[in-house]
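Breakdown of the fold
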Amino acid sequence: MTLTLQESLSEAAKGLLSSVKAPEAKHELWRQVPIKRLRDLPLEAACLVEMPSLKEVQPTSKEEEVSEDLLVFQTGRLKENSSCAHVSIEAFSSVANTHEDILQQLSAQAKDDYYALNNLAHCPESYQLTIEPGRDPKRPIHLAFYNAHNNTTYQRIHIKVKSGVEAQLITSQHSLGEGGTVNMEVSVELEQGARLQYCDGQFSDAKLIRLGGLSVRQKRDSFFKYMQLSGQSLCLRQRLLVDLLEENAEVELIGCAYLAESSSLNHVLDINHHVPNCRSRQLFKNILSAEARSSFDGTIYVEKNAGGTSAAQLNNNLLLSSTARAHTKPRMKIYASDVECNHGATVGQLEEEEIFYLETRGLSQEVSMNLLAWGFMREVIDECPMEAFREQWAQDTLNAALSLKEIL
Amino acid sequence: MLKIQDVHASVADIEILKGLSLEVQAGEVHAIMGPNGSGKSTTSKVLAGHPSYEVTSGEVIFEGESLHEVEPQERALRGIFMGFQYPTEIPGVNNAQFLRMAYNAKRVHQGLDEVDAFDFDELLDEKMKVLEMNPVFKERMLNSGYSGGEKKRNEILQMAVLEPKLAILDETDSGLDIDALRIVAEGINRLKGPDNALILITHYQRLLDYIKPDHVHVLSGGRIIRSGGQDLALELEKQGYDWLEK
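Everything numeric here is computed off the predicted structure, so don't read it as measured data.

Cut-offs used in this document
- Residues numbered from 1 in each chain as written.
- Chains lettered and ligands numbered in written order.
- Predicted model: local features only at pLDDT ≥ 70, side-chain atom pairs only at ≥ 80, totals over all residues.
- Heavy atoms only, no water.
- Helix = DSSP H or I, 4+ residues; strand = E, 2+ residues; numbered from the N terminus.
- Contact = heavy atoms within 4.5 Å.
- Buried area = accessible area lost by both parts, 1.4 Å probe.
- Salt bridge = Lys/Arg side-chain N within 4 Å of Asp/Glu carboxyl O.
- Polar contact = N/O pair within 3.5 Å; in protein donor to acceptor, adjacent residues only side chain to side chain.
- Nonpolar A, V, L, I, M, F, W, Y, C, P; charged D, E, K, R; others polar.
- Phe/Tyr/Trp six-rings, centres within 6.5 Å; stacked < 30°, edge-to-face > 60°.
- Buried < 20%, exposed > 50% of the residue type's maximum accessible area, 1.4 Å probe, protein only.
- Lys NZ or Arg CZ within 6 Å of the ring centre and 35° of its normal.
- Pairing = 2+ DSSP bridges.
- Patch = residues over 30% accessible without salt bridge, like charges linked within 9 Å, V, L, I, M, F, W, Y side chains within 5 Å.
- Areas by Shrake-Rupley, 256 points an atom, 1.4 Å probe, with all protein chains shown as cover.
- Lys, Arg positive; Asp, Glu negative; His and termini not counted.
- Charge placed at Lys NZ, Arg CZ, Asp CG, Glu CD.
- Arc of directions from axis to C-beta.
- Domains from an automatic or database assignment.

This part takes up the environment of Leu-236 of chain B. Residue and element names in this part refer to chain B. With respect to the secondary-structure elements, Leu-236 resides in helix H9 (residues 230-239). Along the chain, Leu-236 and Tyr-204 lie 32 residues apart, while their C-alpha atoms are 8.8 Å from each other. Not counting chain neighbours up to four residues away, the residues in contact with Leu-236 comprise Met-33, Val-218, Tyr-241, Trp-243 and Leu-244.

Right under this line is the structure:
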């Protein structure tokens, strides 16, 4: 009997899992992750859950804006009859296992990562979305993921953007009930000259655990921009891996998070400049209040033959309480000459003079601090071109946390 | 309106004001002049309630009530406005929206309804016109990337919107070219009235050519050593401060 691609991936991952253990706090890349919160995670996949009406899913779009195409995923599975113009959707369980290359690539990516292997092993369905020519580049494709609040919801999406195609993509996570665990793996493949702007929205859910990764492979003249907008969660740990494989490829990774209570956010990034004349930029800004924790562990690799590289990396953290903590480790490994690279990180608090200035205009200390926190974040929020979604996130997550009535 | 009674004030345990006394009535314009380090800026910060400045003795009374331990926000809501010598840059906060928040905070304090963005926009346009400010400043971030003169003009715009009872303008004339100085001074003059008062802190007489003070005071060593009319300012311009300090 021939296995499907989905079954082959699952079998391969289960084989690899026999020799890979759950990460421990002593492992360098997991040191700042609250491992205790992950210890008793259920590994089995969540069952299908009831869905709310789609009306509740769709973000409020401004009238003048082009609306979006919505694809809804119910505990990792695409709802039946979902479709989107100029996007072909292929479920791995409908494909015979003749894709040795995909199997090898995905197994290699996940090989040492316990949670990525679990995703391969347990994900009920993987999808390849191929974005074809003809799409309106300003009409976002919105993948809305509805997740169970018990067990683990596994999601796996491979996005392929065809040569010369320009597109916008939104993913949003919605818990059906409070909490739950989401294990999401997204891979992106950009063909020559393809352009993709991807906004990953995570709304506040104080009990949510989200693990996963994003891996990106870019060919000549391609452009990829990723924006992660995150609210509070019990634990959000994400790996970002970018391979710039051909010349003149460009990547921008942007992130902003508001972390309250005992939220935890951990980013591990590897940006690999394999070839000459590629550009990369990372900008991650976090606001931490109460007992929140964040870590940023980012590395830019520039290979020996990757001259003409331009790379920038910045991680800024604003602490609103004396008990919040931010760990940041920006790194560069440069083996080429003739490169332009810079990196930096800050961990700081609000300036007394700034608070005083706003107070002298009649704003309370709390409002002044919240306004300054908003100002700190604005630079990143403004980077997201999907205005309706960006405003919804800002209103629901940031403004709610900062008690600001409206988006500034 | 304002009584400063023998105030001693320190910052980082260094005493700057050493027995400052001053009385300001509604409708008056006072100019405080003085050499560098005499305590001019400290005076403005003490009046606005800066947390780093501690009043160790003496009292500041505004409209019959002590300002002792009154927070900066509360002072602002009661009608005290400080125009900063170096306005703080606040990136990411939209100028017009910030101004509306401040305006509405005052209205709520007065028991009035908040105004919406549309109505406030009209009010702001009117005030900006007086100060000959380019409307693009509505959408710019608060003081962020402004030139020195633009920041000062924006301070006066805030004053015009908030219509304080007492405005303390700390070296508002510094950083302004001649034309900007005239426009800003005209703006300030328009805000003068029988019910409000103005304290101008300045190094130079030139601002007083445009805004006529009722009283001129010389601050030196943390207290006022001489008071007079506008003639005193002209004298200082000619002779400096040395002759008074001897």
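Here the narrative resumes, following the displayed structure.
Each partner contributes to the interface: chain B provides 35 residues, whereas chain A provides 24 residues. Summed over both sides, the interface between chain B and chain A buries roughly 2300 Å², with carbon and sulfur atoms accounting for 62% of that surface. Summed over the three residues of chain B that lose the most area to chain A, namely Gln-73, Phe-84 and Met-101 of chain B, the buried surface amounts to 21% of that side. Taken together, the links from chain B to chain A amount to 1 salt bridge. For Glu-155 of chain B, the salt bridge identified is with Arg-361 of chain A, shortest N-O distance 2.8 Å. The interface formed by chain B and chain A includes 8 residue pairs in polar contact (both at pLDDT 80 or more). Where the side of chain B that touches chain A is concerned, the elements lending two or more residues are helix H2 (72-78), strand E6 (80-83), helix H3 (95-109) and helix H6 (148-162) of chain B. For the side of chain B that touches chain A, the element with the highest residue contribution is H3 of chain B, accounting for 6 residues. Grouping the constituent residues of the side of chain B that touches chain A by class yields 20 nonpolar, 11 polar and 4 charged.

Let us now look at the packing of aromatic side chains. Residue and element names in this part refer to chain A. Per the counting criterion, the structure on display carries 11 aromatic pairs over all chains. On the numbers, 5.1 Å between centres and 65° between planes, the contact of Tyr-198 with Tyr-226 is edge-to-face. Taken together, the positions of Tyr-198 in strand E9 (residues 195-202) and Tyr-226 in strand E11 (residues 223-230) put the pair 28 residues apart, joining distant regions of the chain. Exposure remark for Tyr-198: the relative accessible area of 1% places this residue in the buried category. Exposure remark for Tyr-226: the relative accessible area of 0% places this residue in the buried category. Three or more aromatic residues joined by ring pairs make a cluster, and in this case those are Trp-30, Tyr-114 and Tyr-115. Across from the ring centre of Phe-376, 4.5 Å away, lies the NZ or CZ of Lys-285, which sits over that ring.

Residues and elements named next belong to chain A. Of all 11 residues that make up strand E8 (residues 180-190), 10 are buried, and the element is covered over most of its length. Relative to E8, strand E6 (residues 152-161) runs parallel, the two sharing 10 bridges. Of the residues in E8, the one forming a bridge with Arg-156 is Glu-185. Relative to strand E10 (residues 205-218), E8 runs parallel, the two being bridged by 11 bridges. Note that in E10 the partner of Glu-185 across the bridge is Gly-213.

In this section: unusual backbone geometry. A positive phi angle, near 60°, is found at Asp-338 of chain A, a position not held by glycine. Its location among the elements puts Asp-338 of chain A in the loop between strand E18 (325-334) and strand E19 (340-348). Of note, the phi angle at Glu-171 of chain B is positive, near 45°, even though the residue is not glycine. Among the structural elements, Glu-171 of chain B can be located in the loop between strand E7 (166-170) and helix H7 (178-191). With a relative accessible area of 8%, Glu-171 of chain B lands in the buried category.

All names here are of chain B. A surface patch of like charges, here negative, comprises Asp-116, Asp-119, Glu-122 and Glu-126. Along the polypeptide, Glu-126 turns up in helix H4 (residues 117-130). In this structure Glu-126 comes out as exposed when scored by relative accessible area, which is 53%.

Time to look at helix H3 (residues 100-110) of chain A. All names here are of chain A. Where H3 is concerned, the buried positions are Ile-102, Leu-103, Leu-106, Ser-107 and Ala-110. One side of H3 carries all its buried residues, which in axial view fall inside an arc of 120°. Exposed residues lying more than 90 degrees from the buried face of H3 are Asp-101 and Gln-104. Residues of H3 that are buried make contact with helix H1 (5-17), helix H4 (114-122) and E6.

Turning to the domain arrangement of chain A, a few remarks are in order. All names here are of chain A. Under the domain assignment used here, chain A contains domain 1 (5-246) and domain 2 (350-408). Using only C-alpha atoms to locate each centre, domain 1 and domain 2 end up separated by 30 Å. Contacts between domain 1 and domain 2 engage 24 residues on the former and 13 residues on the latter. Surface buried jointly by domain 1 and domain 2 totals about 1500 Å² across both partners, of which 70% is contributed by carbon and sulfur atoms. Taken together, the connections running from domain 1 to domain 2 amount to 1 salt bridge. With a closest N to O distance of 2.7 Å, Glu-383 and Lys-225 form a salt bridge. Of all the secondary-structure elements, those providing two or more residues to the side of domain 1 that touches domain 2 are strand E7 (166-176), E9 and E11. The residue makeup of the side of domain 1 that touches domain 2, split by class, is 9 nonpolar, 12 polar and 3 charged.

All right, on to the environment of Asn-183 of chain A then. Residues and elements named next belong to chain A. Within the secondary structure, Asn-183 sits in strand E8. By relative accessible area, Asn-183 is classed as buried at 2%. Along the chain, Asn-183 and Ile-254 lie 71 residues apart, while their C-alpha atoms are 21 Å from each other.

This part is about the side chain of Gln-238 of chain A. Residues and elements named next belong to chain A. Position of Gln-238 relative to the elements: it lies in strand E12 (residues 233-244). Residue class for Gln-238 comes out buried when judged on its relative accessible area of 4%. In terms of polar contacts, Gln-238 uses its side chain to reach the side chain of Tyr-226, at 3.2 Å. In this view, Gln-238 contacts Asp-200, Arg-210, Gly-212, Gly-213, Leu-214, Tyr-226, Gln-228, Asn-266, His-267 and Val-268; residues no more than four positions away in its chain are not counted.

Bringing the pattern of salt bridges into the picture now. For the coordinates displayed, the defined rule picks out 25 salt bridges over all chains. Measuring nitrogen to oxygen at the nearest pair gives 3.0 Å for the salt bridge that ties Glu-63 of chain B to Lys-165 of chain B. With Glu-63 of chain B in the loop between strand E4 (53-62) and strand E5 (65-66) and Lys-165 of chain B in the loop between H6 and E7, this pair connects stretches of sequence that are 102 residues apart. Residue classification places Lys-165 of chain B among the partly exposed positions, given a relative accessible area of 34%. Glu-163 of chain B is the partner of Lys-127 of chain B in a salt bridge, and the nearest nitrogen-oxygen pair spans 3.3 Å. Of this pair, Lys-127 of chain B sits in helix H4 while Glu-163 of chain B sits in the loop between H6 and E7; the two residues are 36 residues apart in sequence, bridging distant segments of the chain. Members of the salt-bridge network, linked through shared partners, are Lys-225, Glu-252, Arg-281 and Glu-383 of chain A.

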